[in-house]
Amino acid sequence: MPENGQHSGPRLAPSILAADLGHLEDEIRAAVDGGADYVHIDVMDGRFVPNISIGVPVVEAARRVTTLPLDVHLMIVEPERYIERFAEAGADLLTVQVEACVHVHRTLQQIREVGCQVGLALNPGTPVCVLEEIASLLDVVLVMSVNPGFGGQSFIPTSLRKIQRVRELLDAVNPEALIEVDGGIKPENAREVWQAGAGILVAGTAIYSSDRSVAESIDAFRAVFVD
Ligand code: DX5
Ligand code: ZN
């Protein structure tokens with residue numbers, strides 16, 4: 001098993017939304033021991049998305065379990081009100097949805113000021129051009145390949161072309177920035193998503209709700225990128 005960060009292909013971010021939250025510590029450890037690169041934590045408020053998931057205390061709990069970067073995906077309205085609290089809870093990468101930000105430039109600066117890596121997520125219906133004025137502020141662009149709110153949905157095929165267009169835009173102004181892709185990612189589509197330009201793949205059900213163990217599921221992703 002290669003050590004974290006020393007494998008070829010994209011980084012992997014298992015989403016604990018699909019984990020057994022009654023055994024959160026074990027579920028996170030399984031991902032860490034299996035070679036995950038991040039722990040992806042989906043925060044939903046029942047307003048920006050129709051579902052309610054988890055909040056600050058769960059990020060704190062995850063922080064106590066691992067030193068892996070916590071990738072906190074805020075699917076909430078008015079995210080600027082909570083950035084400091086999620087940073088204090090231990091988020092390393094903090095991603096807000098562009099559709100939830102009235103003053104997105106300010107909100108991204110706010111994330112930088114609290115010392116987190118800066119992520120911006122785009123819903124499937126949101127055009128790539130929203131990045132034009134702010135791309136240089138970002139560490140990560142999160143391309144949603146499903147409509148956010150629930151795990152277990154199917155990958156929207158037009159996301160591939162969108163990932164390519166985000167990559168072209170970033171290459172021109174901020175080539176260090178990574179593209180993360182979230183929703184319906186499985187070993188079967190991981191290669192084409194990576195080839196389109198993704199540097200980080202989020203996977204919930206494919207890692208936590210498959211027939212395999214968490215470690216075997218992560219291995220199944222890694223196997224896709226062994227030449
Ligand atoms: C969806 C969340 C995802 C979700 C992905 O709104 O942002 O992170 O956990 O789940 P899968 O991999 O099952 O599509
Ligand atoms: Zn997510």
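Please refer to the structure higher up on the page.
These figures come from a predicted structure and were not determined experimentally.

Undergrad: How should the layout of surface pockets be read in this particular structure?
TA: Over the atoms, a rolling probe the size of a water molecule traces out where space has been left empty. Of the volumes computed, that of the largest pocket is approximately 400 Å³. Along the walls of the largest pocket sit 30 residues, with G151, G152, G184, G204 and T205 positioned nearest its centre. Those elements that provide at least two residues to the lining of the largest pocket are β2 (39–44), β3 (70–75), α6 (187–196), β8 (200–203) and α7 (205–208). A class-by-class count of the residues in the lining of the largest pocket yields 13 nonpolar, 12 polar and 5 charged.

Undergrad: Any chance you could explain the site of ligand 1 here in plain terms?
TA: Looking at ligand 1, there are 20 residues lining it, with D42, G149, D182, G204 and T205 nearest. When isolated, ligand 1 has an accessible area of 380 Å², and the protein chains bury 99% of it. Taken atom by atom, the bulk of ligand 1 overlaps the largest pocket. Where the shell around ligand 1 is concerned, the elements lending two or more residues are β2, β3 and β8. For the shell around ligand 1, the leading source of residues is β2, giving 3 residues. The residue makeup of the shell around ligand 1, split by class, is 8 nonpolar, 10 polar and 2 charged.

Undergrad: Help me understand the packing of α6 against helix α8 (residues 214–224), please; the structure alone is not making it clear to me.
TA: The description of two packed helices rests on the angle between their axes and on the distance between the axes. Close contact between α6 and α8 brings their axes to 9 Å; oriented N to C, the two are set at 45°. Judged on the interaxial angle alone, α8 and α6 are oblique. Note that α6 runs across α8; the crossing there is right-handed. Contact residues: α6 offers P187, A190 and R191, while α8 offers A220, F221 and V224.

Undergrad: Help me understand the nonpolar core in this model?
TA: Nonpolar side chains in soluble globular proteins generally cluster together in the buried interior. Counting 67 residues, the largest nonpolar core has I16, V72 and L120 as the members making the most contacts within it. Leave out the neighbours within four places in its chain, and L120 touches T95, V96, Q97, V98, V104, L108, L131, I134, L138, V140, V141 and L142. A13, L93, V140 and I200 belong to the second largest nonpolar core, which has 6 residues in total.

Undergrad: When you look at α8 in this model, what are you seeing that I'm missing?
TA: Helical geometry note: an α-helix holds 3.6 residues per turn, so side chains three or four residues apart project in the same direction. Where α8 is concerned, the buried positions are V214, S217, I218, A220, F221, R222 and V224. The inward-facing, buried residues of α8 contact β1 (11–14), α1 (24–33), α6, β8 and α7.

Undergrad: Just checking my understanding: could you explain the coordination of the zinc ion (ligand 2) for this structure?
TA: As a benchmark, a tetrahedral metal site with four donors has ideal angles of 109.5 degrees, while an octahedral site with six donors has ideal angles of 90 or 180 degrees. Around the zinc ion (ligand 2), the protein contributes the donor atoms H40 (NE2), D42 (OD), H73 (ND1) and D182 (OD), which lie 2.0 to 2.3 Å from the metal centre. Considering all 6 donor atoms around the zinc ion (ligand 2), angles at the metal cover 70 to 167° and the coordination shape is octahedral. Read N to C, the donor residues that coordinate the zinc ion (ligand 2) are spaced as H-x1-D-x30-H-x108-D. The exposure class assigned to D42 is buried, which follows from its relative accessible area of 5%.

Undergrad: It is not clear to me how the sheet that holds strand β4 (residues 93–97) should be interpreted in this structure. Could you clarify?
TA: Within a sheet, neighbouring strands are paired by backbone hydrogen bonds and run either parallel or antiparallel to one another. Across the sheet, 8 strands lie side by side as β1-β8-β7-β6-β5-β4-β3-β2; this open sheet has parallel pairing. Both edges of this open sheet fall to β1 and β2, since each of them pairs with a single strand only. If you compare each strand with its neighbour and ignore which way they point, the axes differ by 25° on average. Of the pairings in the sheet, the one linking strand β6 (residues 140–144) to strand β7 (residues 178–182) comprises 5 bridges and is parallel in character. If you follow M144 over to β7, its bridge partner there is D182. In this fold helix α2 (residues 56–65) packs onto β2 and β3, with an angle of close to 170° to the strand it touches most, β3.

Undergrad: I'm lost on the packing of aromatic side chains in this one. Help?
TA: A ring pair, where both rings are aromatic, is described by two values, the distance of the centres and the angle of the planes. Counted under the stated rule, the structure contains 1 aromatic pair. Ring geometry for W194 and F225: centres 5.1 Å apart, planes at 75°, overall edge-to-face. Here W194 is found in helix α6, whereas its partner F225 is found in the segment after α8, with 31 residues between them in sequence. According to the relative accessible area criterion, F225 is buried, its value standing at 6%.

Undergrad: Mind showing me how you'd approach α1 here?
TA: Restricting attention to buried positions, one finds in α1 the residues L24, E27, I28 and A31. Viewed end-on, α1 has its buried residues packed into an arc of 95°, placing them on one side of the element. Against the buried residues of α1 lie β1, β2, α2, α7 and α8. Backbone geometry just after α1 places G35 at a positive phi near 100°.

Thresholds, definitions, all that
Residues numbered from 1 in each chain as written. Chains lettered and ligands numbered in written order. Predicted model: local features only at pLDDT ≥ 70, side-chain atom pairs only at ≥ 80, totals over all residues. Heavy atoms only, no water. 1 Å grid on protein atoms, 1.4 Å probe; cavity = no way out; pocket = protein on both sides within 12 Å on 5 of 7 lines; lining within 4 Å. Points joined across faces, edges and corners; volume = space filled by probe spheres on them. Helix = DSSP H or I, 4+ residues; strand = E, 2+ residues; numbered from the N terminus. Nonpolar A, V, L, I, M, F, W, Y, C, P; charged D, E, K, R; others polar. Near = heavy atom within 4 Å. Areas by Shrake-Rupley, 256 points an atom, 1.4 Å probe, with all protein chains shown as cover. Sits in = over half its atoms within 2 Å of the grid points. Axes fitted to C-alpha atoms, helices over the stretch in contact; angles between N-to-C directions. Parallel < 35°, antiparallel > 145°, perpendicular 65-115°, else oblique. Left-handed = near helix turned anticlockwise from the far one by under 90°. Contact = heavy atoms within 4.5 Å. Core = buried A, V, L, I, M, F, W, Y, C linked by side-chain atoms within 4.5 Å. Buried < 20%, exposed > 50% of the residue type's maximum accessible area, 1.4 Å probe, protein only. Donors = N, O, S within 2.8 Å, 3.2 Å for Na, K, Ca; no water. Tetrahedral: all angles 85-135°; square planar, octahedral: opposite > 155°, others 65-115°. Pairing = 2+ DSSP bridges. Phe/Tyr/Trp six-rings, centres within 6.5 Å; stacked < 30°, edge-to-face > 60°. Arc of directions from axis to C-beta.

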